[in-house]
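Given next are the chains, with one letter for each unit.
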Amino acid sequence: MNQAALHDAARLLLRIALGLLVLLHGIAKLRGGMAGIEGMVVAQGLPGFLAYGVLVGEVLAPLMLIAGFHARIGGALVAVNMLFAIALAHTGELGRLNASGGWALELQGMFLATAVAIALLGPGRYGINQR
């Protein structure tokens, strides 16, 4: 396999892994309701309707990543979603370690870093519009 094909395959793997894992969080929110997130948003003094942005970051953006449809935008949306999630729900854990010695926010950190990488790299040739 040539170098370009390996890079495209790696981008595809990143897109699918991030897309599926974040989409599962979005599906859980669709099934469980938005009241908890809306409460966190309002508690920070923000309008409650902003809570529905999580559906963009955890449903629409992951579908964009999986399909490779404007994947750079999808990656950026997931990254912004993760920044909001960290700010609203996980600020107290920023400097903590979990029971096994890892960073308490390792999942959120990995989602954020992978989303930024996709936003910078693009989808590769195995995407709908390769942008």
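Residues numbered from 1 in each chain as written. Predicted model: local features only at pLDDT ≥ 70, side-chain atom pairs only at ≥ 80, totals over all residues. Heavy atoms only, no water.

S.K.: Could you give an account of the side chain of Thr114, with specific residues and numbers?
M.R.: Tracing the sequence through the fold places Thr114 in helix 5 (residues 106-121). If we skip the residues at most four places from it in the chain, Thr114 touches Leu14 and Leu18. (Helix = DSSP H or I, 4+ residues; strand = E, 2+ residues; numbered from the N terminus. Contact = heavy atoms within 4.5 Å.)

S.K.: Can you lay out the packing of helix 4 (residues 71-89) against helix 5 for me, pointing to particular residues and giving the numbers?
M.R.: For the pair helix 4 and helix 5, interaxial distance at closest approach is 7 Å and the crossing angle is 155°. Taken together, helix 4 and helix 5 sit at an angle that is classed as roughly antiparallel. The crossing of helix 4 and helix 5 is left-handed. Here Ala71, Arg72, Gly75, Ala76, Val78, Ala79, Met82, Leu83 and Ile86 of helix 4 lie close against helix 5, whose contacting residues are Gln108, Phe111, Leu112, Ala115, Val116, Ile118, Ala119, Leu120 and Leu121. (Axes fitted to C-alpha atoms, helices over the stretch in contact; angles between N-to-C directions. Parallel < 35°, antiparallel > 145°, perpendicular 65-115°, else oblique. Left-handed = near helix turned anticlockwise from the far one by under 90°.)

S.K.: Any chance you could break down the nonpolar core for me, citing the residues and the numbers?
M.R.: In terms of nonpolar packing, the biggest core is built from 14 residues, with Leu18, Leu65 and Val78 touching the most fellow members. Mapped by element, the contributors of at least two residues to this core are helix 1 (3-32), helix 3 (53-67), helix 4 and helix 5. Top contributing element to this core by residue count: helix 4, with five residues. Each residue touching Leu65, except ones within four places of it in the same chain, is listed here: Arg15, Leu18, Gly19, Ala71, Gly74, Gly75, Val78 and Ile118. Formed by five residues, the second largest nonpolar core is a distinct cluster that contains Met34, Ile37, Val41 and Ala51. (Core = buried A, V, L, I, M, F, W, Y, C linked by side-chain atoms within 4.5 Å. Buried < 20%, exposed > 50% of the residue type's maximum accessible area, 1.4 Å probe, protein only.)

S.K.: Describe the pattern of salt bridges, and please don't skip the residues or the numbers.
M.R.: Counted according to the given criterion, the structure contains three salt bridges. One salt bridge in this structure joins Arg11 and Asp8, with 3.6 Å as the shortest N-O distance. One end of the pair is Arg11 and the other is Asp8, both in helix 1 and three residues apart, which spans about a single turn. When its relative accessible area of 23% is taken as the criterion, Arg11 is described as partly exposed. What makes Asp8 buried here is its relative accessible area of 9%. Of the charged contacts, one joins Asp8 and Arg125 as a salt bridge, the two residues approaching to 3.3 Å between their closest N and O atoms. On the criterion of sequence distance, the pair formed by Asp8 in helix 1 and Arg125 in the segment after helix 5 is long-range, its members being 117 residues apart. Here the salt bridges share partners, and the residues they tie into one network are Asp8, Arg11 and Arg125. (Salt bridge = Lys/Arg side-chain N within 4 Å of Asp/Glu carboxyl O.)

S.K.: Residues and numbers for the environment of Met82, please.
M.R.: Relative to the helices and strands, Met82 is located in helix 4. A residue is classified by how much of its surface remains accessible, and Met82, at 6% relative accessible area, is buried. Taking the C-alpha atoms as reference, Met82 lies 12 Å from Glu106; in sequence the two are 24 residues apart. Non-local contacts of Met82, meaning those with residues more than four positions away in its chain, are made with Gln108, Phe111 and Leu112.

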